[in-house]
Amino acid sequence: AKEDGRNTHRFFETDMGTAVSERRELITDLRHAIANSELELYFQPQYSLETNAVTGFEALVRWNHPKRGMVPPMEFIPLAEDTGLIVPLGEWVLNEACRRAASWPEHLRIAVNLSPRQLRGHGFGPVLIGALARSELRADRLELEVTESVLLIESDDILDALHQAKALGVKVSMDDFGTGYSSLSYLRRFPFDKIKIDQSFVRSMAYSDESVSIVKAVIDLAKNLDMTTTAEGVETELLLEMLKDIGCTDAQGYFLGHPMPVSQMDDLLFECQGP
Ligand code: C2E
Ligand code: CA
Ligand code: CA
Ligand code: CA
């Protein structure tokens, strides 16, 4: 039937029994993958719309499965969250991202995605301090991206962990802004440095004036709260120009650059060194 949909919809197109045993197998494999360096980070450039220069990269994890090939994060991050494997996985991501970024030009930042579970309990503080110490990365070059689901869990642990990160000088961004139910109230609960405007809003700007108004309102709100705004999923030049016009500060997306493995970053990093 639908040939190209097969991989991404694997779990839903097979019958239930197969799906369950396949899930179990994938969990076993993932446990093995974390211990045996089958995971790899790709890096997607983020650009300033004021200077048109690269400001840093977002780390996006990839799983190079020996039999299945590249498994996209949408298939294994939820599994890792359900099973608790996200904790060792996330620790690996943080350490690897900091280690890589430490070798880049000094002005470039690294953004790392965090799942709520990584912030629960008291384990995250030491993990963060350890990653910064081991890599010798300046704390203000690290950004932590959290979705509002992080604050949805009414937990002091989580707020404490985010405040501890900020006290160290690490930046904190709200990811996927606009996709949840009460994004606005979360802006009051924690002092984010940056709002990342979700791709769904950005993309719909191309055909909807209402979307343009909403995105502009978010940008103005962020400015008033002393936060920067990164538009996600910028796929066309038209969108880039529209975002500039309404005052968005930063952008990320396929039009500007795809996520890439370390082996493909040399040219871009060289350009970032400046004259
Ligand atoms: P996200 O944090 O919202 O990351 C942005 C996703 O959008 C990435 O997908 C990226 O490749 C994709 N993207 C970037 N530009 C464009 C564009 O112009 N058009 C379109 N259509 N897509 C674009 P990816 O790498 O598949 O990651 C998916 C999600 O998996 C991420 O969404 C994030 O929630 C999660 N994720 C990825 N790496 C990690 C990680 O290390 N830890 C955790 N906890 N989650 C991760
Ligand atoms: Ca993100
Ligand atoms: Ca996002
Ligand atoms: Ca997302």
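An unreviewed UniProt entry lists the protein chain under the name Bacteriophytochrome cph2, with Roseibium album given as the organism.

**Student:** I'd like a rundown of the site of ligand 1, residues and numbers included.
**Tutor:** Close contacts around ligand 1 come from 23 residues, with Arg62, Ser115, Gln199, Glu235 and Tyr254 the closest. One of the side-chain N or O atoms of Glu58 is found 3.2 Å from an oxygen atom in ligand 1. Here Arg62 contributes a side-chain N or O atom positioned 2.9 Å from an oxygen atom of ligand 1. Protein coverage of the free-state accessible area of ligand 1, which is 810 Å², stands at 84%. For the shell around ligand 1, the elements supplying multiple residues, two or more each, are strand E2 (54-65), helix H3 (73-83), strand E6 (171-177) and helix H10 (199-204). The greatest single-element share of the shell around ligand 1, amounting to 4 residues, is contributed by E2.

**Student:** Any chance you could break down the coordination of the calcium ion (ligand 3) for me, citing the residues and the numbers?
**Tutor:** Note on metal sites: the ideal angle is 109.5 degrees for four tetrahedral donors, and 90 or 180 degrees for six octahedral donors. Surrounding the calcium ion (ligand 3) are the protein donor atoms Asp175 (OD), Asp176 (OD), Glu232 (OE) and Glu232 (OE), which sit 2.2 to 2.4 Å from the metal. Going along the chain, you hit the donors of the calcium ion (ligand 3) in the pattern D-D-x55-E. For Glu232, a relative accessible area of 7% translates into the label buried.

**Student:** Help me get a handle on the packing of aromatic side chains, residues and values and all.
**Tutor:** To describe a pair of aromatic rings, one takes the distance between the centres and the angle between the planes. Evaluation of the coordinates by the stated rule reveals 4 aromatic pairs. Ring centres of Phe43 and Trp104 lie 5.3 Å apart, and the angle between their planes is 85°; this geometry places the pair in the edge-to-face category. Of the two residues, Phe43 sits in strand E1 (residues 39-48) while Trp104 sits in the loop between helix H4 (86-101) and strand E4 (109-113), which places them 61 residues apart along the sequence. Judged on exposure class, the residue Phe43 and its partner Trp104 are both buried.

**Student:** Describe the pattern of salt bridges, naming the residues involved and giving the relevant values.
**Tutor:** Under the counting rule described, the total for this entry stands at 16 salt bridges. For the salt bridge of Glu143 with Arg109, the shortest nitrogen-to-oxygen distance reads 3.3 Å. Taken together, the residues Glu143 in strand E5 (residues 142-146) and Arg109 in strand E4 connect sequence positions 34 residues apart. With relative accessibility at 30%, the residue Arg109 sits in the partly exposed group. Residue Lys166 pairs with Asp193 through a salt bridge whose shortest N-O separation is 3.2 Å. Of this pair, Lys166 sits in helix H8 (residues 156-168) while Asp193 sits in the loop between helix H9 (183-189) and strand E7 (194-197), placing them 27 residues apart in sequence.

**Student:** Which residues make up the coordination of the calcium ion (ligand 4), and what values go with them?
**Tutor:** Protein-derived ligands of the calcium ion (ligand 4) are Asp176 (OD) and Asp176 (OD), with the metal-ligand distances lying across 2.6 to 3.1 Å. The metal-metal distance between the calcium ion (ligand 4) and the calcium ion (ligand 3) is 4.0 Å, with Asp176 coordinating both. Here Asp176 is to be found in strand E6.

**Student:** Break down H4 for me, citing the residues and quoting the values.
**Tutor:** Over its 16 residues, H4 runs 22 Å from end to end, which matches the ideal 22 Å to within 8%, given 1.5 Å per residue. By the burial criterion, the buried members of H4 are Ile86, Leu89, Gly90, Val93, Leu94, Asn95, Glu96, Ala97, Cys98 and Ala101.

**Student:** Please set out the pairing of E7 residue by residue, giving values where relevant.
**Tutor:** What you see with E7 is no split at all: Lys194 and Lys196 on one side and Ile195 and Ile197 on the other are buried throughout. Judged from the 3 bridges that link them, E6 and E7 form a sheet pairing that is parallel. Bridge assignment links Phe177 to a residue of E7, and that residue is Ile197. Alignment of E7 against strand E8 (residues 228-231), held across 4 bridges, turns out to be parallel.

**Student:** Could you give an account of the side chain of Glu232, naming the residues involved and the relevant values?
**Tutor:** Tracing the backbone shows Glu232 in the loop between E8 and helix H12 (237-245). Beyond its immediate chain neighbours, meaning those up to four positions away, Glu232 contacts Asp175, Asp176, Lys196, Ile197, Asp198, Gln199, Val202 and Gln252.

**Student:** Any chance you could break down the nonpolar core for me, citing the residues and the numbers?
**Tutor:** In terms of nonpolar packing, the biggest core is built from 82 residues, with Phe57, Leu94, Ile110 and Leu142 touching the most fellow members. Tallying contributions element by element places H4 first for this core, with 7 residues.

**Student:** Any details on the pairing of E6? Residues and values, ideally.
**Tutor:** Buried residues dominate E6, accounting for 5 of its 7 residues. With 4 bridges connecting them, E5 and E6 associate as parallel partners. For Glu143, the partnering residue across the bridge sits in E6 and is Lys171.

**Student:** Tell me about unusual backbone geometry, and name the residues and values.
**Tutor:** One non-glycine residue with positive phi stands out, namely Ser37, at about 45°. With respect to the helices and strands, Ser37 occurs in the loop between helix H2 (16-35) and E1. Overall, the relative accessible area of 60% leaves Ser37 in the exposed class. In this model, Asn52 sits at a positive phi of 60°, which is unusual for a non-glycine residue. Take Asn52: it is sitting in the loop between E1 and E2.

What counts, and at which threshold
Residues numbered from 1 in each chain as written. Chains lettered and ligands numbered in written order. Predicted model: local features only at pLDDT ≥ 70, side-chain atom pairs only at ≥ 80, totals over all residues. Heavy atoms only, no water. Near = heavy atom within 4 Å. Polar contact = N/O pair within 3.5 Å; in protein donor to acceptor, adjacent residues only side chain to side chain. Areas by Shrake-Rupley, 256 points an atom, 1.4 Å probe, with all protein chains shown as cover. Helix = DSSP H or I, 4+ residues; strand = E, 2+ residues; numbered from the N terminus. Donors = N, O, S within 2.8 Å, 3.2 Å for Na, K, Ca; no water. Buried < 20%, exposed > 50% of the residue type's maximum accessible area, 1.4 Å probe, protein only. Phe/Tyr/Trp six-rings, centres within 6.5 Å; stacked < 30°, edge-to-face > 60°. Salt bridge = Lys/Arg side-chain N within 4 Å of Asp/Glu carboxyl O. Expected span 1.5 Å × (residues − 1). Pairing = 2+ DSSP bridges. Contact = heavy atoms within 4.5 Å. Core = buried A, V, L, I, M, F, W, Y, C linked by side-chain atoms within 4.5 Å.

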